[in-house]
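A look at the structure
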Amino acid sequence: MKDLNDLIMKFDLKGQIDSIAPLGNGLINDTYKVTTTDGPSYVLQRINHHIFKDVDLLQKNIVSVTSHIRGKLEAAGTSDVDRKVLSFITLKDSDLTYYFDGESYWRISLFIEDAYTYETVNPEYSYYAGRSFGHFEAMLADIPDTLGETIPDFHNMELRARQLDEAVASDAAGRMAEKEVQEILQEMLVHREEMCKAEKMHREGVLPKRICHCDTKVNNMMFDASGEVLCVIDLDTVMPSFVFSDFGDFLRTAANKVAEDDPRIEMVEFDMEIFKAFARGYVESASVFLTPVEMENLPYAAALFPYMQAVRFFADYINGDTYYKIKSPLHNLERTHAQYALLQSIEAQYDAMCEVIKTTTAKHLA
């Protein structure tokens, strides 16, 4: 651990390093817990700069967001603020919150003691997720700093549609002649205009961009021992987006009763109980800033993300499976069918979803 010791000493830490041990099972960043003999514990992370190519922008976003939230909490007289917002450590000789060792980028934050994450997706935790992510957006609704996109066009449906067009035109793997591919393509085209309406509404000035988390999962919240949410974590994807990103992306996985690539299409079903719980929590906390257009289109957000992911899986199949790892030659087609089946389940319950949003909003604003 000599190299990590030397690296850690570049940061303005309190206490002497006692131990360094791997932490968690993250798929993107390498993470370690750093304990000290006479100070707090810390989290050391290697930033994946192959995904987040502009690390300076990434860290400036995160510092802006955490500083703004910290200011809001302190102004409200919130106790134990260090457990309710992430704190990143600067280098000893500058105000930067990252260090480049010639090959990799590193950052350090305070470790939040006695805090827990959960993988459980049920109505109770879905409600907590909706409330927490809505509150997160609400606190950032008036952030004065201009944030950049850490992954440009991350949830841009028009871009995904164009990428499908390019895949079809190039037919790199020679798969456009397949009857099944042609049938799927026609189904995709039926929904295309409706699914691309967010970008169109934004150009028309009807739909604003907000500062969103863009990776809304139950395990991106930290809970205390009593089950109360402490804070939202994993802030790498926090950037300007439509609120549909945070609402729809959570439901795409959480409200699907089977895995996103389950070949048993008949088992795919959108769970309305998860939707009701998440929507209730989200509306409770986000209604303070949401416009009527944003509110009434939340069911559209739930439909958008299965469609977007189906388009991405389908384009990758046409391209010859060059992006997503596959377990079998037809894996991307199975994924496409599963996501499209989820979209169909959502469409079958769309009117009921609109009524949930309408009644939840009316109840909360009454």
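As the structure is a prediction and not an experimental result, all values here were calculated from the model.

Turning our attention to the layout of surface pockets. Taken as a whole, the second largest pocket spans an internal volume of roughly 360 Å³. Lining the second largest pocket we find 19 residues, and of these His 135, Met 139, Val 229, Leu 230 and Cys 231 sit closest to its centre. Residue assignment for the lining of the second largest pocket shows that the elements contributing at least two residues are α2 (55-75), α3 (123-140) and β8 (229-232). Of all the elements, α3 adds the most residues to the lining of the second largest pocket, at 5 residues.

This part covers the environment of Ala 173. Tracing the sequence through the fold places Ala 173 in the loop between α4 (157-170) and α5 (179-195). The class of Ala 173 is partly exposed, set by a relative accessible area of 34%. Apart from residues no more than four positions distant in its own chain, Ala 173 is found in contact with Ile 318, Asn 319 and Gly 320.

Right, let's get into unusual backbone geometry. As a rule of thumb, non-glycine residues mostly have phi less than zero, and peptide bonds are mostly trans rather than cis. Residues other than glycine seldom take positive phi values, yet Asp 80 does so here, at roughly 55°. Examined against the element boundaries, Asp 80 turns out to sit in the loop between α2 and β4 (99-100). Unlike most non-glycine residues, Asp 321 shows phi in positive territory, near 60°. On the basis of relative accessibility, which here comes to 16%, the residue Asp 321 falls in the buried class.

With that out of the way, let us pick up the environment of Ser 94. Mapped onto the elements of the fold, Ser 94 is located in the loop between α2 and β4. The spacing of Ser 94 and Phe 11 is 83 residues in sequence and 9.4 Å in space, taken between C-alpha atoms. Reaching out from Ser 94, the side chain makes a polar contact with the backbone nitrogen of Leu 96 at a distance of 3.1 Å.

Attention now moves to the sheet that holds β4. Read from one edge of the open sheet, 5 strands run β1-β2-β3-β5-β4, paired in antiparallel fashion. Of all the strands in the sheet, just β1 (17-22) and β4 have a single pairing partner and so form its edges. With 2 bridges joining them, β4 and strand β5 (residues 105-110) adopt antiparallel strand pairing. Within β5, the position partnered with Phe 100 by the bridge is Tyr 105.

This part is about the side chain of Arg 252. Relative to the helices and strands, Arg 252 resides in helix α7 (residues 244-254). A polar side-chain atom of Arg 252 sits 2.9 Å from a polar atom in the side chain of Glu 260. Among the polar contacts listed, one links the side chain of Arg 252 to the side chain of Gln 339, at a separation of 3.0 Å. When neighbours within four sequence positions are excluded, Arg 252 is seen to be in contact with Glu 260, Phe 305, Pro 306, Gln 309, Gln 339 and Leu 342.

Another point: the nonpolar core. Membership of the largest hydrophobic core comes to 102 residues, with the highest contact counts inside it found for Phe 247, Leu 251, Phe 270 and Phe 275. Core analysis: the next-biggest nonpolar cluster, separate from the first, contains 14 residues, Phe 11, Leu 13, Tyr 32 and Ile 108 among them.

Counting across every chain of the model gives 2 cavities of 30 Å³ or more. Here the largest cavity is characterised by a volume of approximately 40 Å³. Lining the largest cavity are Met 157, Ala 161, Leu 164, Met 188, Leu 189, Arg 192, Tyr 307 and Val 311. Of all the secondary-structure elements, those providing two or more residues to the lining of the largest cavity are α4, α5 and α10 (298-319). Tallied by class, the residues present in the lining of the largest cavity amount to 7 nonpolar, no polar and 1 charged. Estimates place the volume of the second largest cavity at around 30 Å³. Every residue along the wall of the second largest cavity is listed here: His 155, Ala 198, Glu 199, Phe 242, Phe 244, Ser 245, Leu 304 and Phe 305.

Reading the values: the criteria
- Residues numbered from 1 in each chain as written.
- Predicted model: local features only at pLDDT ≥ 70, side-chain atom pairs only at ≥ 80, totals over all residues.
- Heavy atoms only, no water.
- 1 Å grid on protein atoms, 1.4 Å probe; cavity = no way out; pocket = protein on both sides within 12 Å on 5 of 7 lines; lining within 4 Å.
- Points joined across faces, edges and corners; volume = space filled by probe spheres on them.
- Helix = DSSP H or I, 4+ residues; strand = E, 2+ residues; numbered from the N terminus.
- Buried < 20%, exposed > 50% of the residue type's maximum accessible area, 1.4 Å probe, protein only.
- Contact = heavy atoms within 4.5 Å.
- Polar contact = N/O pair within 3.5 Å; in protein donor to acceptor, adjacent residues only side chain to side chain.
- Pairing = 2+ DSSP bridges.
- Core = buried A, V, L, I, M, F, W, Y, C linked by side-chain atoms within 4.5 Å.
- Nonpolar A, V, L, I, M, F, W, Y, C, P; charged D, E, K, R; others polar.

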